[in-house]
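The primary structure of each chain is shown beneath.
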Amino acid sequence: ITLSNEGTKTIPDEQKPVVLLCIGCSLITSSVLILLKSVWKACYKSSKLPRKTTAVLFFEFLVSLGAAILTIVAMPHLDIVTNVTILNSVAVLSAILQVVAQCTAKERNRFLLPSITAFILIVLGYVLFLVLYIMKDPSDTKMAIWVGLAVGGSFLVSFNWWESYFRLIGTDSSSDFLKELHSDMTKCQNILHILSSLLRIAVTACVLGAYIPLGQMDWDIVRSIPTRQTRIIAIIIGVQLISSALCHWFALAACKMHALRRCFILPLYLASLAVMVLLVVPVIIHYQDNRTSLNGTQNISFTDYCNVVVDGRNISLNESESSSNVFVDLPSGSAVSWWLGLVLATLHLWYLNLYRIQRTQDLFIRRLYEGAFIEQSLLLNTRFDIQTKHKTKKQDNKTMLYLCATMWHETYDEMLNIIISIFRLDKYRPKIDPNFNDMTFEAHIFFDDAFQGVERTQGRHLNKYAENLVEVFTEVYGIFTNINEKFFKKHQQIPDQTVVRTPYGGRLVITMPHGNNIVVHFKDKELIRHKKRWSQIMYLFYLLGWKLMTKYYQRLQNKEDEQKLKEELKREKQNTYLLALDGDTDFQPAAVMLLIDRLKMYPRVGAACGRIHPTGSGPAVWFQKFEYAVSHWLQKTAEHVFGCVLCSPGCFSLFRAEALMDDNVMKRYSTKSTEASHYIQYDQGEDRWLCTLLMKQGWRVEYNAASDAYTNAPEDFKELYNQRRRWGPSTMANVVDLLGSANIISRKNPSLSKPFMFYQLFNMTSAILAPATICLLIAGSFTFIFKIDGTPALVLAVIPPAIYLGLSFKLKADTQIQIAAVMSIIYAFLMLVVTMSIIGAMAKDKTILTPSSLFVVIMAIIYIITALLHPQEIQLVFHGFLYILCIPSAYLLLTIYSMVNMNNVSWGTRETKPAAGASKSEATKPKTTAQKGRHQLNMEKDFWKELQAKYLQPLVDDKDKQKKMADDLRELRNKINFAFFIMNTLWLVATFTLQFLDATVSITIPVLDLALMDTGRDVEIDPIGFMFILGFALSVLLQFFGMLYHR
């Protein structure tokens, strides 16, 4: 703005339109950003059309008109001090609306006097401002016009934050119009932001386009501005745009870190004062130094001093008065009044009570900032209603967390990991310490198939795995209490231990050192249905059905107010969470708190998962480390950004009780598998199916990259293949289920928009065509290494996997895995040779501009940049070399194995059986409970018996049904495999056919060296390279851009 002043000689007068254009750019930058963000959200989230748009757009028109008039038309004719301080006057309407809002909301009465005082001071500042400028030269009508436009423009800008106060006024209003307008502003933000952003851009462009010719200026100068002036303007506008964006980002961070007063309010108050100190004081100091250097020999005025300065820069200063207008007026009464008015109008910010982690939309009424009024917009944009009684009461709701782990055949060390993690949480949130009252938790471990018959004894006893768990408790309890090892003698019980016989087996209750409980449910498969999904159904109905609902049912029986009970129940369901864990998961308390914060911030998030790190040693684990990293860095973040995460893994995921208790979630999840497809979708990937049910009910599933958990990964090639044999078909079945009802789900779930469903369809197609795509990669390798034509190379590439596919239908699973292991080694050597050959060719030809070289370089750049953006995990990049070598094994052989063996619905991992003849565990011998809790225990036993009868009765060993189901699974396998491999065959045939059209289809491009000079050679992109890049690279690029947005 200073550069556009007539008295500023840095930019000549004829070049002022360029400066004004830059002012316009700074005004509309935030609108452009809001437009892009709103269009993004409107595409990937369901958005409703507003009914009342006129009022909103009218206010947006006034604000954009006022901002353009103030900054483009009026302020260039005022001095710097006035330009800096007049921006504080935009709080005038906020002060008025605060008074109105406080009269309707009596919680705010203590801020009524500061708001009234703020309004009076700002109006006083306007009066002093008008008097100061007009009284200088009453005959100067032009200056009177500029001053009037400045006052009018700043008043119109003050309408920008009307929404913050309207929400208070409109909520309790009896007017239907105000209620509908309030509803539109709440539910239709994306569309309203798109319309208002377009309007603001248009109004700013109109004001700028009209003012240039009216001001006797010419637009043509924009195309011929000298380099020096271009550099000056570009640097200044760049600094302004970047610093404004950074200021907004750091302001959000300061508020969320609870540094509101010292890092948000105070710096913004001092911003305008700092500008005057940094810009005005140095000029005055240099002027005084110049006078001192003359030793009184010459009486030099400030205007003369300006002439001396500009003469030194070879610029003529014709209008002496205009130069003084730029700097002359020191902080006057109007400047002080405006600044004090802004401080008083935002005094309530000092008393804000923030949540532990505050949502941005709960902090600020508008999504972004105002480019010309960055500090004022941040202060005034803060929500005025953030300290209401309802918000405070909601914050006081205590969180109830249930840790739910399932165990089966975990080793001693694996059990040690999860028990130590639970004891850590006990220490982090001690129940016996009154200072930690924000969360209560219980840990429940459901131990599958924990009993066995022992010869020459009565009844059934714990097997060796269950006994290991009891020993783990003894060891960990000693670690966390520093008790002497001699205290734990053989067969001695842990202190504060309760053992109860239950209808499903037995229950062990252990009180940890800091007062929280661990409850171990030992399941007897002869009494209750076993396997992981049924253990999950057990804890869902027990924790949510029995522990959560029973107390409200009893209170209802006691004639308590039904409406009040419903409100309390809804609140408790919202603040009750289940943390699903595997029996070997290792985590820190902070990781759990991050997931809880996520669900607390977003009421429609039904589940959230963390970053899962595989642990172990060996090549299989190294491969999985990079695979998990890429999956979380790219795939999960892309799902989180574009729509929502499709699978929240059962090893470490937090679920909201309200979401799990929604219609058709728990009820449907407890469905018994009666068809062949049920075994694949329901039992092989139970965590993914539960997320599918949540998404169908409109709940969102999210990913928190900072919540780390560690779980043991398969270290053996066979175990890895069996694990993925379960995951692959289950993933495909659930995604097909979602895509099959895409229209209904898109209407019900705002996160699953049609563009996102199309993205999933693209990913699904890429996954289906992965075997054919890898065959194309191998064919390209043959062509590159052995210099053979594409057609025979493709035939050679297809033959080995085709033979493996045929053999897989006849051989046993173990034999298939052995063959796959040998082929994986051969393919790994091939990938190594190809990679080294491509690198060697790039070095030899001194170019990377060939299809194979470009692909390798681009993929490497993507993965390296992704790793750099995850600095704590950057070392995983080194495992990427092994991952590249294993691509044919992972995407070709493993896919064939999982598809051919999808009829095998056994678990495949941890299949070892406990040794017979285990000794009876005296530490877990059932004992009677106290008479005090006998009635409650009997009621609970009745609950378990009813639950067993309805859902968890052990499955009858019916040979005929098992044979029929095996036949049905085999038939389903054959149908799906036929369709799956026919699609891959068609993809390969299409590519094979294109080989004969190479001359007409291929694209010829010149080969450039590293200096981008033509080498005189051409390279043709053949159909194989084109198909491969299209099928794989496009998917990775989409995920990469999603990751960038997420970071």
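Residues numbered from 1 in each chain as written. Predicted model: local features only at pLDDT ≥ 70, side-chain atom pairs only at ≥ 80, totals over all residues. Heavy atoms only, no water.

As recorded in an unreviewed UniProt entry, the protein chain goes by chitin synthase and comes from Sparus aurata. A UniProt comment under Sequence similarities (unreviewed entry) is attached to the protein chain, and it reads "Belongs to the chitin synthase family. Class IV subfamily." UniProt, in its Subcellular location (unreviewed entry) section for the protein chain, records the words "Cell membrane". (UniProt positions renumbered as here; feature names shortened; annotations may be inferred.)

A. Unusual backbone geometry, seen in detail. Although it is not a glycine, His-258 sits at a positive phi angle of roughly 65 degrees. Tracing the sequence through the fold places His-258 in the loop between helix 10 (227-256) and helix 11 (260-293). In this structure His-258 comes out as partly exposed when scored by relative accessible area, which is 41%. Positive phi values are uncommon outside glycine, yet Lys-531 reaches one of about 95 degrees. Mapped onto the fold, Lys-531 is located in the loop between strand 7 (517-523) and helix 20 (532-548). Judged by its relative accessible area of 49%, Lys-531 falls in the partly exposed class. (Helix = DSSP H or I, 4+ residues; strand = E, 2+ residues; numbered from the N terminus. Buried < 20%, exposed > 50% of the residue type's maximum accessible area, 1.4 Å probe, protein only.)

B. Broad picture of the environment of Met-695. Here Met-695 is to be found in helix 28 (residues 686-696). The buried category is assigned to Met-695, whose relative accessible area is 0%. In this structure, the C-alpha to C-alpha distance between Met-695 and Val-645, residues 50 residues apart in sequence, is 9.5 Å. Every residue in contact with Met-695, bar those within four places of it in the chain, is listed here: Cys-644, Val-645, Leu-646, Val-701, Leu-738, Ile-745, Asn-749 and Leu-752. (Contact = heavy atoms within 4.5 Å.)

C. A look at the pairing of strand 12 (residues 700-712). Note that strand 9 (residues 586-587) and strand 12 share two bridges and pair antiparallel. Each residue of the ladder has a partner; that of Asp-586, found in strand 12, is Tyr-710. Across nine bridges, the pairing between strand 10 (residues 605-615) and strand 12 is parallel. Following the sheet pairing, Val-605 is matched in strand 12 by Arg-700. (Pairing = 2+ DSSP bridges.)

D. Quick peek at the confidence of the model for the protein chain. The share of residues in the protein chain with pLDDT of 70 or more is 83%, and the mean pLDDT across the chain is 82. A low-confidence stretch, residues 314-331 stays under pLDDT 50, and its non-local contacts, those more than four residues away or across chains, total 38 contacts. Contacts from residues 487-493, a stretch scored under 50 in pLDDT, to residues over four places away or in other chains number 10 contacts. (pLDDT = per-residue confidence, 0-100.)

E. Spatial organisation of the packing of aromatic side chains. For the structure shown, the criterion picks out 34 aromatic pairs. Between the aromatic rings of Trp-40 and Phe-642, the centroid separation amounts to 5.5 Å while the plane-to-plane angle is 35 degrees, which identifies the pairing as tilted. Remark: Phe-642 occurs in helix 24 (residues 619-642) and Trp-40 occurs in helix 1 (residues 16-44); sequence separation between them is 602 residues. Seen in terms of ring centroids, Phe-626 and Tyr-863 are 5.7 Å apart; in terms of plane orientation they differ by 75 degrees. Their pairing is edge-to-face. Linking Phe-626 in helix 24 with Tyr-863 in helix 35 (residues 851-868), this pair joins segments that are 237 residues apart in sequence. For the pair shown, Phe-626 and Tyr-863 are each scored as buried. (Phe/Tyr/Trp six-rings, centres within 6.5 Å; stacked < 30°, edge-to-face > 60°.)

F. Inspection of the side chain of Ser-26 at higher detail. When you line up the elements, Ser-26 lands in helix 1. For Ser-26, a relative accessible area of 9% translates into the label buried. One polar contact links the side chain of Ser-26 to the main-chain carbonyl oxygen of Ile-23, over a distance of 2.6 Å. Among all residues touching Ser-26, those that are not within four sequence positions of it are Ile-237, Gln-240, Leu-241 and Gly-371. (Polar contact = N/O pair within 3.5 Å; in protein donor to acceptor, adjacent residues only side chain to side chain.)

G. Spatial organisation of the pattern of salt bridges. Tallying each qualifying case throughout the model produces 27 salt bridges. Here Glu-526 makes a salt bridge to Arg-460, at a shortest N to O gap of 3.2 Å. On the criterion of sequence distance, the pair formed by Glu-526 in the loop between strand 7 and helix 20 and Arg-460 in strand 4 (residues 460-462) is long-range, its members being 66 residues apart. Under the relative-accessibility criterion, Arg-460 is labelled partly exposed at 26%. The network of salt bridges with shared partners includes Glu-60, Arg-200 and Glu-370. (Salt bridge = Lys/Arg side-chain N within 4 Å of Asp/Glu carboxyl O.)

H. Up close: the packing of helix 29 (residues 717-740) against helix 37 (residues 887-900). Following both chains from N to C, one finds helix 29 and helix 37 inclined at 75 degrees, their axes separated by 9 Å at the closest point. One element, helix 29, and the other, helix 37, form an angle in the roughly perpendicular class. Packed against helix 29, whose contacting residues are Phe-717, Tyr-721, Asn-722, Arg-724, Arg-725, Pro-729 and Met-732, the element helix 37 presents Ser-889, Leu-893, Leu-894, Tyr-897, Ser-898 and Met-899 at the interface. Its residues assigned to classes, the contact of helix 29 with helix 37 comprises eight nonpolar, three polar and two charged. (Axes fitted to C-alpha atoms, helices over the stretch in contact; angles between N-to-C directions. Parallel < 35°, antiparallel > 145°, perpendicular 65-115°, else oblique. Nonpolar A, V, L, I, M, F, W, Y, C, P; charged D, E, K, R; others polar.)

I. Representation of a nonpolar patch on the surface in the model. The grouping of Leu-854, Ile-858, Ile-861, Ile-865, Leu-869, Leu-1037, Phe-1041 and Leu-1044 at the surface amounts to a nonpolar patch, some 610 Å² of accessible area in total. Where the nonpolar patch is concerned, the elements lending two or more residues are helix 35 and helix 41 (1023-1046). Looking at which element gives the most residues to the nonpolar patch, the answer is helix 35, with four residues. A residue is classified by how much of its surface remains accessible, and Leu-869, at 31% relative accessible area, is partly exposed. (Patch = residues over 30% accessible without salt bridge, like charges linked within 9 Å, V, L, I, M, F, W, Y side chains within 5 Å. Areas by Shrake-Rupley, 256 points an atom, 1.4 Å probe, with all protein chains shown as cover.)

J. Quick peek at the nonpolar core. Core analysis: the largest hydrophobic core is formed by 121 residues, its most contacted members being Leu-578 and Leu-660. Among the elements that line this core, the one with the most residues is helix 20, at 11 residues. For this core, the domains that each give at least three residues are domain 2 (399-430 + 438-453 + 461-482 + 493-750) and domain 3 (768-912 + 960-1046). Excluding its chain neighbours within four sequence positions, the residues that come into contact with Leu-660 are Leu-540, Leu-544, Leu-578, Phe-655, Val-665, Met-666, Leu-690 and Leu-694. Val-73, Val-207, Tyr-369 and Leu-378 belong to the second largest nonpolar core, which has 60 residues in total. (Core = buried A, V, L, I, M, F, W, Y, C linked by side-chain atoms within 4.5 Å. Domains from an automatic or database assignment.)

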